[in-house]
Amino acid sequence: MVPQLSWYLALSAVLFTIGVVGVLIKRNVISMFMCIELMLNAVNLTFVAFSSYFRDVSGQLFVFIVMTVAAAEAAVGLGIIIAIFRNRESLDVDDASVLKL
Amino acid sequence: MTQTNLLSLIIFAPLAGALINWLVGRRLRNERFIGLVACGSVGVSTIIAFYLGFKSDGALRGTQPIMDHLWTWIQVGAFRADFGLAMDRLSGIYALFVTLVGLLIHIFATGYMHGDRGYYRFFAYLNLFMFAMLTLILGDNLLLMFVGWEGVGLCSYLLIGYYIDKEEAAPAAKKAFIANRVGDWGFVLGILLLFWLTWRAGAPSISFFDKTGVTSALATVAGMPIDGFTWHAIFAGGITSVAVLLFIGATGKSAQIPLLVWLPDAMAGPTPVSALIHAATMVTAGVYMVVRCSAIFTHAPLAMFIVAIIGAATALFAATIGLAQNDIKKVLAYSTISQLGYMFMACGVGAFVAAIFHVMTHAFFKAQLFLGSGSVIHGMHHEQDMRRMGGLRKYMPITWLTMCAGWLAICGIPIWAGFFSKDEILWKTWSGHLPGVPVGFNKALWFVGAVTALLTAVYMTRLMVMTFWGSERFREEHVEHVHEHDHGHAVHEPRESPLSMTIPLIVLALLSTFGGLVGVPYALSSLTGGHPENYFEQRLAPIVSSVPEHGEGATEGDIHWLSTPPQPVDGKPAVEVAKADHAEAVHNAEEITQERIFTLISVLIGLTGISIGWFMFRQQPLRHMPRLLENKYYVDEIYDATIIQPILVVSREGLWKLFDIGVIDGLVHGLGRTVIRFGKTVRYMQIGFVRAYAAIILAGAIIIIGYFAYNGAHVLRFLK
């Protein structure tokens, strides 16, 4: 059975939804962060699937760009998380609802 | 047409003086320096004005005006206004007496204002006034004239309110300014309407003179048919409308009947200001404008009719009030209004030259009288109430003698200047005839004029008697005064003023004595031989437009009205009349005889007035006058009740409480409240929980995606 385009898209949708729900319901910053990464990769999967389906390489290029941005985001995001943890002794986002300490 | 840049120096010298006094004088605070700058700059103007007036091809001797085109000020479409000056015979006469009288008053003021804290300010304003007044006179188009017109209004405002610590000064200044604004409204509309008229006639212009690229608006109007004598001509937008609107401007500036209330209050200013602005020069600007635009007025018989009526009514009205005033300056103020009424009456019957002649002689004798009163006030230590004067001729002989000259001049006693001009106005009023007006109208005007002349002589005599004759009433008053204030000093004796004040008084007295001799009418000069022609009239007559003749029959009838044969007048035998008549065929023998009779009548009127005044007030200087007159016919109260209070009430109840508080404030506050309420609602979005933000972003994303899902096809087609 040859994999169809719709399979990839369905998987991608499932992954993206898990990511969205995770960001909304998780309180732990690290978990939320991982959910964001999950969403990014779900999108990457869509790109790759379409690229192979349309025989067009530009989708693959997009994936590279997304991965670069995700790497940068991971660097900055983890830095912020560490800073928050140092200040508040907690990784709960709801504790960080006020800008003042 | 001669071009010379000297002309602009006449107006810019006082401006420079004003600037120097304002910028340098206020730091130096040196009275000698300030006085020198002020008098010097006006002196420069005077010298140049006389040079340009009397040089061999000067404005008064040649036939062409002297022009000075500085720059084109406004050029919009067909509308063009230049910053250009012009000195023809009319503006020349004005420039001469304004600079001369102005110079004398400046000199007087250096003495009068001695020791005042605002010395530099006073002279800066006074110089600025000279600049504005000369711009008004010399401007070669209506708009530049209007600039000067507003300038003198501003300076008048500043100088009336000069004594900032005086309670009545600020409201008086405001009153003058507002009354003038009402007049200016008419003036501006008149200018616009005149431009529109000339534009429709194919030669759009507001200029008085033919210049390169501009034809004279007055010439254009002069070429139009004469307006009919109907009331609806006022609103028809024709020449009559222009004339009436311009005359509204003149009533404001020259304090004629609807707008006369400001001038008496303007006496709150320093006396030199009253002499210069509110007697000699600025208030005659209305007459100047009417005479300058005589071409417009002669083409609007109804406007002439209105001018004559307003003038005569104001003359009589103000003269009766002048009878009952006790403030020496107030008497002179009402006298000024009355004399201005005379001038407008002369304009209204077409005797423009006589009006200008009276403006000139009035400038001399009224400036003299005002400065004389200033000298009295100065000598009396700022006492203005004539009830506390009396017997001053012993203490202030020079002031007394010089004021006698002004007094005799305004009463119209022969030789003195006022005699010739006033007599000419009365004679022209009697003998003139307006087209479309009943014949008796001029006779009625003459009667009003004659009564006014009588009243003038009475109240001026009263002023002189109360001030200079009789018991020395200041003594008792001052004793009381000293007791009240526990001064401990001896009574202040009135003293004669310093030379800087008496010399201008003497010069002006000489001018008011002999100044009228430039305009001796033929009927009188022919009695003695010598100069047969009326020099003044001969100079000015070509400049002004004359009333078109409408049938000789009416005037013929008038001549036979007095059925007396030629009579010996002034001791000369009647034969002389005929002889002189032979020499000048132009003059009608009967008319000359009649003119002489009328001259005699007006002399008698003057003498009668003086004797009435003398016998009424010599013994009883404090005689009570009718209350109605003392209270100025309650004009101020009537205006207050009918105009000012309604405006105040409408402003307070309607505009302020209803509109401002209700609508404007309601709008502003309502807007603010709406914004606050909206903010209160929306701020719950910013609670600080990251997951809430994420949810909002998600919702937004879903909405956008939903939109594309439904309308995607359209959007994509659009993008392509």
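Residues numbered from 1 in each chain as written. Chains lettered and ligands numbered in written order. Predicted model: local features only at pLDDT ≥ 70, side-chain atom pairs only at ≥ 80, totals over all residues.

Asker: Before we move on, could you go through the overall build of chain B and cite the residues and values that matter?
Answerer: Within chain B, the secondary structure is distributed over 28 helices and 3 strands. When the 720 residues of chain B are sorted by exposure, 51% land in the buried category. In chain B, of all internal contacts separated by at least 6 residues, the share reaching a separation of at least 24 is 77%. (Helix = DSSP H or I, 4+ residues; strand = E, 2+ residues; numbered from the N terminus. Buried ≥ 20, exposed ≤ 12 C-beta atoms within 10 Å, placed from the backbone. Contact = placed C-beta atoms within 7 Å.)

Asker: Can you explain the domain arrangement of chain B? Please cite residues and give values.
Answerer: In terms of domain boundaries, chain B breaks down into domain 1 (1–181) and domain 2 (644–719). Averaged C-alpha coordinates put domain 1 of chain B and domain 2 of chain B at centres separated by 58 Å. (Domains from an automatic or database assignment.)

Asker: Explain helix H18 (residues 440–468) of chain B to me, using residue names and the numbers behind them.
Answerer: All names here are of chain B. The terminal C-alpha atoms of H18 lie 42 Å apart, and with 29 residues this matches the ideal 42 Å at 1.5 Å per residue to within 8%. Buried residues dominate H18, accounting for 22 of its 29 residues. In the segment just after H18, Gly 470 is the residue with positive phi, at about 80 degrees. (Expected span 1.5 Å × (residues − 1).)

Asker: Explain the packing of helix H2 (residues 31–54) of chain B against helix H4 (residues 119–138) of chain B to me, using residue names and the numbers behind them.
Answerer: Residue and element names in this part refer to chain B. Following both chains from N to C, one finds H2 and H4 inclined at 10 degrees, their axes separated by 9 Å at the closest point. Viewed along their axes, H2 and H4 adopt a mutual orientation that is roughly parallel. In this structure, H2 uses Glu 31, Ile 34, Gly 35, Ala 38, Ser 41, Val 42 and Ser 45 to contact H4, whose residues at the interface are Tyr 119, Tyr 120, Phe 123, Leu 126, Asn 127, Met 130 and Leu 134. A breakdown of the residues in the contact of H2 with H4 according to their chemical character gives 9 nonpolar, 4 polar and 1 charged. (Axes fitted to C-alpha atoms, helices over the stretch in contact; angles between N-to-C directions. Parallel < 35°, antiparallel > 145°, perpendicular 65-115°, else oblique. Nonpolar A, V, L, I, M, F, W, Y, C, P; charged D, E, K, R; others polar.)

Asker: Please set out the pairing of strand S2 (residues 66–76) of chain B residue by residue, giving values where relevant.
Answerer: All names here are of chain B. In this sheet, S2 lies alongside strand S1 (residues 2–3) in parallel orientation, the contact comprising 2 bridges. Across the sheet, residue Gln 3 finds its bridge partner in S2, namely Met 67. Bridge analysis of S2 against strand S3 (residues 79–87) gives 9 bridges, and the strand direction is antiparallel. The residue of S3 that forms the bridge with Ile 66 is Met 87. The hairpin formed by S2 and S3 contains 2 residues between the paired strands, and Gly 77 there has a positive phi angle of roughly 60 degrees. (Pairing = 2+ DSSP bridges.)

Asker: Describe the interface of chain B and chain A, and please don't skip the residues or the numbers.
Answerer: Chain B puts 8 residues into the contact, and the matching count from chain A is 7 residues. In terms of residue class, the side of chain B that touches chain A is made up of 6 nonpolar, 1 polar and 1 charged.

Asker: I'd like a description of the sheet that holds S3(B), backed by residues and values.
Answerer: Across a sheet, strands are paired by hydrogen bonds formed along the backbone, either parallel or antiparallel in direction. Pairing in this open sheet of 3 strands is mixed, and the strands run S1-S2-S3 (chain B) from one edge to the other. Every interior strand has two partners, whereas the edge strands, S1 and S3 of chain B, have only one.

Asker: Can you break down the environment of Phe617(B) residue by residue, with the values?
Answerer: In this fold, Phe617(B) is placed in helix H25 (residues 589–617). Note: C-alpha distance between Phe617(B) and Met133(B) (484 residues apart in sequence) is 39 Å.

Asker: I'd like a description of helix H2 (residues 29–54) of chain A, backed by residues and values.
Answerer: All names here are of chain A. If you check H2, its first and last C-alpha atoms are 38 Å apart, about what 26 residues at 1.5 Å a residue would give, namely 38 Å. Taken together, the buried positions of H2 are Val 29, Met 32, Cys 35, Leu 40, Ala 42, Asn 44, Thr 46 and Ala 49. Against the buried residues of H2 lie helix H1 (5–25) and helix H3 (58–88).

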